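# Descriptive structure summary
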Amino acid sequence: MAANLKSVTALCTVLTVVILLFRGGAAAVEDETEFHGDYSKLSGIIIPGFASTQLRAWSMLDCPYTPLDFNPLDLVWLDTTKLLSAVNCWFKCMVLDPYNQTDHPECKSRPDSGLSAITELDPGYITGPLSTVWKEWLKWCVEFGIEANAIVAVPYDWRLSPTKLEERDLYFHKLKLTFETALKLRGGPSIVFAHSMGNNVFRYFLEWLRLEIAPKHYLEWLDQHIHAYFAVGAPLLGSVEAIKSTLSGVTFGLPISEGTARLLSNSFASSLWLMPFSKKCQGDNTFWTHFSGGAAKKDKRVYHCTDEEYQSNYSGWPTNIINIEIPSTNSRDAYPSVTEAVQANMTTMECGLPTLLSFTARELADGSLFKAIKDYDPDSKRMLHQLKKLYHDDPVMNPLTPWERPPIKNVFCIYGAHLKTEVGYYFAPSGKPYPDNWIITDIIYETEGSLVSRSGTVVDGNAGPITGDETVPYHSLSWCKNWLGPKVNITMAPQPEHDGSDVHVELNVEHEHGSDIIANMTKAPRVKYITFYEDSESITGKRTAVWELDKTNHRNIVRSPVLMRELWLQMWHDIQPGAKSKFVTKAKRGPLRDADCYWDYGKACCAWQEYCEYRYSFGDVHLGQSCRLRNTSANMLLQYI
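Below you will find a few notes about this structure. Small disclaimer: the values here were computed from a predicted structure and weren't measured.

## Here's the deal with the overall build of the protein chain
Check the secondary structure of the protein chain and you find 21 helices and 26 strands. The burial tally for the protein chain puts 56% of its 641 residues in the buried class. Sequence-distant contacts, at least 24 apart, represent 68% of the contacts inside the protein chain between residues at least 6 apart. On the protein chain, roughly 27500 Å² of surface is accessible, and the fraction owed to carbon and sulfur atoms is 53%.

## Quick word on the packing of aromatic side chains
Summed over all chains, the structure comprises 31 aromatic pairs. Where F202 meets F205, the ring centres are 6.2 Å apart and the plane angle is 25 degrees; that geometry is what we call stacked. Separated by three residues within a single helix, F202 and F205 lie in helix α10 (residues 197-212), roughly one turn from each other. Residue F205 is classed as buried on the basis of its relative accessible area of 0%. Feature note: the residues Y156, Y171, F172, F179, F202, Y204, F205, W208, W221, Y229 and W273 constitute an aromatic cluster, connected by ring pairs. Across from the ring centre of Y533, 4.3 Å away, lies the NZ or CZ of K481, which sits over that ring. Positioned above the aromatic ring of F532, the side-chain terminus of K586 is 4.6 Å from the ring centre.

## A word on the sheet that holds strand β18 (residues 458-459)
Taken in spatial order, the six strands of this open sheet run β13-β12-β15-β16-β17-β18, and their pairing is mixed. Taken across any chain shown, the strands that pair with only one partner, and hence form the sheet edges, are β13 (355-359) and β18. With three bridges joining them, strand β12 (residues 322-326) and strand β15 (residues 421-429) adopt parallel strand pairing. Looking across to β15, one finds that N323 is bridged to Y426.

## Points about the environment of N489
Inspection of the secondary structure assignment puts N489 in strand β19 (residues 487-494). In contact with N489, not counting residues within four places along its chain, are E506, L507, N508, F532, Y533 and E534. Polar contacts involving the side chain of N489 include one to the main-chain amide nitrogen of N508, which spans 2.9 Å.

## A look at the pattern of salt bridges
In total, this model carries 34 salt bridges according to the counting rule given. The closest approach of N and O atoms between D157 and R168, which form a salt bridge, is 2.9 Å. Highlighted residues: D157 in the loop between β7 (151-153) and α8 (162-169) and R168 in helix α8, separated in sequence by 11 residues. Taken together, the salt bridges that share partners define one network made up of D103, R110, D157, R159, R168 and D169.

## Considerations on helix α7 (residues 135-143)
Turning to α7, its buried residues number three or more, namely W137, L138, W140 and C141. The buried residues of α7 occupy an angular sector of 150 degrees when the element is viewed end-on, so they sit on one face. Buried positions along α7 lie against β3 (43-47), α5 (116-119), β7, β8 (190-195) and α21 (561-574). Just downstream of α7, G145 is the residue with a positive phi angle, here 85 degrees.

## Some thoughts on the pairing of strand β14 (residues 410-417)
With eight of eight residues buried, β14 lies mostly within the body of the structure. What you see with β14 is no split at all: N410, F412, I414 and G416 on one side and V411, C413, Y415 and A417 on the other are buried throughout. Bridge analysis of strand β9 (residues 226-232) against β14 gives five bridges, and the strand direction is parallel. Within β14, the position partnered with F230 by the bridge is F412.

## A few points about the nonpolar core
One recurring pattern in soluble globular proteins: nonpolar side chains tend to sit buried together. In this structure, W77, F202, F205, F230, I322, L369 and W547 are the most contacted members of the largest nonpolar core, which totals 156 residues. Element by element, the count of residues in this core is highest for α10, at nine residues. Beyond its immediate stretch of four places on either side in the chain, I322 contacts I243, L247, L357, S358, F359, L364, L369, Y425 and F427. Counting nine residues, the second largest nonpolar core, distinct from the first, contains W599, C606, A607 and C612.

## Brief notes about the side chain of S476
Summarising the element assignment, S476 is placed in helix α20 (residues 474-477). Here the side chain of S476 touches L237 through a polar contact of 2.8 Å, landing on its backbone nitrogen. Aside from chain neighbours lying at most four places away, what touches S476 is A234, P235, L236, L237, G238 and W317.

## Considerations on the pairing of β8
Among the six residues in β8, six count as buried, and that is most of the element. On β8, burial covers both faces: S190, V192 and A194 on one face and I191, F193 and H195 on the other are all buried. As judged from the five bridges shared by β3 and β8, these two strands associate in the parallel manner. Looking across to β8, one finds that S43 is bridged to S190.

## Some thoughts on the sheet that holds strand β5 (residues 75-77)
Taken in spatial order, the three strands line up as β5-β4-β6 in an open sheet, and their pairing is antiparallel. Either end of the sheet is taken by a strand with one partner, and the two such strands are β5 and β6 (109-111). For this sheet, the mean inter-axis angle between neighbouring strands, taken without regard to orientation, is 40 degrees. The pairing of strand β4 (residues 55-57) with β5 spans two bridges and is classified as antiparallel. Paired with R56 across the bridge in β5 is L75. The sheet contacts of helix α4 (residues 87-94) involve β4, β5 and β6, and relative to β5 the element is tilted by about 75 degrees.

## Structural notes on the side chain of E309
In this structure, E309 sits in helix α15 (residues 307-311). On the basis of relative accessible area, E309 is assigned to the buried category, the value being 2%. Engagement of the side chain of E309 in a polar contact is seen with the side chain of S278, the distance being 2.6 Å. In terms of polar contacts, E309 uses its side chain to reach the side chain of S315, at 2.7 Å. Those residues within four positions of E309 in sequence are excluded, and the remaining contacts are S278, K280, C281, S315 and R362.

## Let's talk about the packing of α10 against helix α11 (residues 215-225)
Axis separation between α10 and α11 bottoms out at 9 Å; the angle between their running directions is 135 degrees. In terms of orientation, α10 lies oblique with respect to α11. Crossing angle aside, the handedness with which α10 passes α11 is right-handed. Contacts from F205, L206, L209 and R210 in α10 reach Y218, W221 and L222 in α11. Classifying every residue of the contact of α10 with α11 by side-chain character gives six nonpolar, no polar and one charged.

Conventions we followed
- Residues numbered from 1 in each chain as written.
- Predicted model: local features only at pLDDT ≥ 70, side-chain atom pairs only at ≥ 80, totals over all residues.
- Heavy atoms only, no water.
- Helix = DSSP H or I, 4+ residues; strand = E, 2+ residues; numbered from the N terminus.
- Buried < 20%, exposed > 50% of the residue type's maximum accessible area, 1.4 Å probe, protein only.
- Contact = heavy atoms within 4.5 Å.
- Areas by Shrake-Rupley, 256 points an atom, 1.4 Å probe, with all protein chains shown as cover.
- Phe/Tyr/Trp six-rings, centres within 6.5 Å; stacked < 30°, edge-to-face > 60°.
- Lys NZ or Arg CZ within 6 Å of the ring centre and 35° of its normal.
- Pairing = 2+ DSSP bridges.
- Polar contact = N/O pair within 3.5 Å; in protein donor to acceptor, adjacent residues only side chain to side chain.
- Salt bridge = Lys/Arg side-chain N within 4 Å of Asp/Glu carboxyl O.
- Arc of directions from axis to C-beta.
- Core = buried A, V, L, I, M, F, W, Y, C linked by side-chain atoms within 4.5 Å.
- Axes fitted to C-alpha atoms, helices over the stretch in contact; angles between N-to-C directions.
- Parallel < 35°, antiparallel > 145°, perpendicular 65-115°, else oblique.
- Left-handed = near helix turned anticlockwise from the far one by under 90°.
- Nonpolar A, V, L, I, M, F, W, Y, C, P; charged D, E, K, R; others polar.

As structure tokens, this is what we get:
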């Protein structure tokens, strides 16, 4: 095999990676362009994140004062042209009833299907690149020769809570059938790629599946249908941006007001799915309650928290997530439903002065915030209704509880880090009517080693040495480190192609469950690194890995070429029968594609001369385009076994 590989062209080198990756048997090479052997076996299942699926109209809506009406299958999310010219009609097609999650009487929208639903949200010459989500990822698949039916997108209506997804669309039944169809079609298990809230969806699916099939067949089904799970940018303990959207609205750069964004967000029950919560509080075990016939339902509690939860500050988060001023009063009766924790905050209330109430992650997840402000905010009663009915009383699980490691053979948790990220807010009455009745007076950010306000003032709290990905705080992203065992191998390597001289390795680092584990290694200035935490020993037959990518944004991580490179190399390593280690080596990284070769102006030649050469083709417009992989670079793949 090695002798044949030496004669394979650079293009076939890349195709070899994927053909080997998706083939169950050993492929024999008879000439330079044809491969013979079993058909592809593995499939890729993509679960997109919040607002990452196109929604299309399923109604006919006449919009006054504009020629742009809504007709069946017209794009709603996202069509910026109609958003700008017919915002009221667009709003009707997007908004849901906050109590029963039904559509507006005049317009309804449904999620699109297929890969096109998740590649570009608003296709167009200008809007397309600005709304790209999974398009670059799919380009990699095409370039590597992946067959079209090997990649399956499972879009969903990201406005709905998990129970409504199943109740209205049978989404989890369909997802189960997707895995079973992929196995029947291709003969092998699937690899799950989930981004952001897509991980929450997949977690709920696993718990739903536990109740759907016989308990003794649950693990067998998972082993048969899912080979690996790549959790990318997973908000494992929630995101503080969700509560910001609830109180003041987040526009995501769209040409709408924050008030309009708030009205939409609070009509979507999925907004609460991303609510921050405490890692020290658990809900009732729905699985055992289900099989015990729902006994002791009258004694059901929303959360069971450890003593540490009440003894520690901020529920383990860096700081109080919400600090909000409310008008003062002489009578405690103005807050008939405020919890004991909130009442404790009010003991220092002074007549005529606003009162500052602070809320931890636990007090957000259990509804204390909404109970405290319900006399001042009309949305609070609706949010309390959604929180109780769709989350606390969910028949499958309470999604606002900490994750355990999924019972899947191979789990890879991947996220960006070392970016300034919001972790707390100060709100005050704005003096304006609803929905603009709250204004953000200050924002708390986590920076490396400290917490700072929007004005730059240092704030007290539990600051850590690592920060989040600009959207989700590190405390939530890194929860998956608790899935690692007591002994962890840590490797830190530069993100760009490298010769291995700047790779740092620590083996068998002790890790205590419940505590963070951090690489104590020196980084070169102005170099972005990727840190690997790997464990293949603590659970027999299972592997767990955590990848931290320096300076990688939450929304752009699925477009990161570094992530794509590491993902493909790891999967290529896994199918090699002669692999010497459980994980792919990080000792060296060279170019894998022509696009990875570039012109070194300092040396006046193509960089990486061992792998790349100058080879002009008609149509090249700059020197870097003419740098391509050498024909002899195929054997570089052998070093990753």
